[in-house]
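One-letter residues, chain by chain:
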Amino acid sequence: MKALTWEGVNELAVTQVPDPQILNRQDAILKVNLSSVCGSDLHQLSGYIPFMRAGDVIGHEFMGEIVEVGPDVRRRRVGERVVVCSVIACGRCWFCEQGLFSCCDNGNTNPAITETMWGYHPAGIFGYSHAMGGFKGSHAEYIRLPYADHIAFPVPDGVDDMSALFASDSAPTGWMGADLGGVRPGDVVAVWGCGAVGQMAARAAMLLGAERVIAIDRFDYRLEMAERELGVEVVNYERTDVDAELRERTGGRGPDVCIEAVGLEAHTPVPSTASSRPSSSCGWRPTAPTPSARPSCPAARAAACSSWGSFSGLVDKFPMGALMNKGLTLRAAQQHGERYIPMLLDRIARGELPTAHLATHPMPLDDGPRGYDLFKHKQDGCVRAVFQP
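Residues numbered from 1 in each chain as written. Predicted model: local features only at pLDDT ≥ 70, side-chain atom pairs only at ≥ 80, totals over all residues. Heavy atoms only, no water.

This brings us to empty space enclosed by the protein. Under the criterion given, the structure shown has one cavity of 30 Å³ or more. Along the walls of the largest cavity sit Val 191, Gly 193, Cys 194, Gly 198, Gln 199, Ala 202, Ala 215, Ala 226 and Leu 230, which together make up its complete lining. For the lining of the largest cavity, the element with the most residues is helix 7 (residues 196–207), which contributes three residues. Tallied by class, the residues present in the lining of the largest cavity amount to six nonpolar, three polar and no charged. (1 Å grid on protein atoms, 1.4 Å probe; cavity = no way out; pocket = protein on both sides within 12 Å on 5 of 7 lines; lining within 4 Å. Points joined across faces, edges and corners; volume = space filled by probe spheres on them. Helix = DSSP H or I, 4+ residues; strand = E, 2+ residues; numbered from the N terminus. Nonpolar A, V, L, I, M, F, W, Y, C, P; charged D, E, K, R; others polar.)

This next bit is on the nonpolar core. Soluble globular proteins: nonpolar side chains tend toward being buried together. Core analysis: the biggest nonpolar cluster contains 75 residues, and Leu 30, Val 83, Val 84, Phe 126, Leu 145, Val 189 and Val 213 have the highest contact counts within it. Of the residues forming this core, the biggest block, six residues, is contributed by helix 7. If we ignore the near neighbours within four places in the chain, the residues touching Leu 30 are Phe 62, Met 63, Gly 64, Glu 65, Ile 66, Val 82, Val 84, Glu 141, Tyr 142, Ile 143 and Leu 145. (Core = buried A, V, L, I, M, F, W, Y, C linked by side-chain atoms within 4.5 Å. Buried < 20%, exposed > 50% of the residue type's maximum accessible area, 1.4 Å probe, protein only. Contact = heavy atoms within 4.5 Å.)

It is at 7 Å that the axes of helix 6 (residues 170–180) and helix 7 come closest, and there the two elements cross at 50 degrees. Taken together, helix 6 and helix 7 sit at an angle that is classed as oblique. The hand of the helix 6/helix 7 crossing is right-handed. Within the contact between the two elements, helix 6 uses Ser 170, Ala 171, Thr 173, Gly 174, Trp 175 and Ala 178 and helix 7 uses Ala 196, Val 197, Met 200, Ala 201, Ala 204, Ala 205 and Leu 207. In terms of residue class, the contact of helix 6 with helix 7 is made up of 10 nonpolar, three polar and no charged. (Axes fitted to C-alpha atoms, helices over the stretch in contact; angles between N-to-C directions. Parallel < 35°, antiparallel > 145°, perpendicular 65-115°, else oblique. Left-handed = near helix turned anticlockwise from the far one by under 90°.)

So, on to the layout of surface pockets. Estimated volume of the second largest pocket: approximately 250 Å³. Residue lining of the second largest pocket: 15 residues in total, with Pro 20, Gln 21, Leu 23, Lys 136 and Arg 144 positioned closest to the centre. Top contributing element to the lining of the second largest pocket by residue count: strand 9 (residues 142–145), with three residues. Split into classes, the residues belonging to the lining of the second largest pocket amount to 10 nonpolar, two polar and three charged.

For an α-helix, the turn length of 3.6 residues means that residues three or four places apart are oriented alike. Among the residues of helix 13 (residues 368–376), those classed as buried are Gly 368, Gly 371, Tyr 372, Leu 374 and Phe 375. For helix 13, the buried positions fall inside an angular range of 160 degrees around the axis, keeping them on one side. Contact partners of the buried residues in helix 13: strand 1 (2–8), strand 2 (11–16), helix 1 (39–45), strand 17 (361–364) and strand 18 (385–388). The first or second residue beyond helix 13 is Lys 378, which carries a positive phi of 55 degrees. (Arc of directions from axis to C-beta.)

Rendered as structure tokens:
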């Protein structure tokens, strides 16, 4: 079959790879209808995730039609249209029973790497390096679904493929940022980043009752989309002193909830130093302070900060003093998508959660390298390139 594969740093190719097969009794095979690029894919493309091998199929946000099921699959059936969570969780371990799906004991079939780096291993993730299980990704014609009963969710009638697609990763990640940030009615919420996850976090905050939502970015086309499609307030941080602006808009108090939706490759005005070099022989790089540190500065005292951009190694110059002395709460995780996806699909069906506008550049899988180039370099107003095999 045809797939988009990683061939080295900043090198992608459309190649022929073996068709997926049922390996375990709980597997299913999915014919991919749509698969989206994601900002976290760029970390692999750029070499920030060191455990990639030439020929790895990338991609983790996708939906399609089930074409084969293993003998122990009970909930899913051939011909069913489903959206698949990017995080691979077994559905039955202690963490899954608590709804902490990205901490699953069994989803990552190659745990040694992350146990060495972080002390424990997280769940597996489709197409996200051998540190996260080495699973083939979704930029392909077909894909194997481990634990299919627990990670694939039927798309409601009336929800088109493009709208359903973003319930795979962007919408649950954004919703979780607002949910675990503890957004309450009447809150002022600031969101750093107006990509797909940031926009979904902003909309989630609105649906959870926030009185005001302020989205922060430096690209006008993304700010304009967030303002137009979601009705949020926007700030361009290259033209505005964000800290002063947020205090001005909140009567000097600062936002009640700050959500980081940027990740480890965030643009930062801080000059590059030796800290941008690989921090160890395994290649993890420390991250500049802006992405995770900035939201803590203008936050109100006793506010909540949540971080949902992808990180891998160390974060440099994190303001622990501000966190402690202002009484802030910081929460972060890979998305527990299985907890949220059914609810999100229902909200999409009711028209409460617009998602299809994120797909600014639909294209055939053969154009995958061009789609990633547009996305990586922020060209032609690209918020998301979406591939159809």
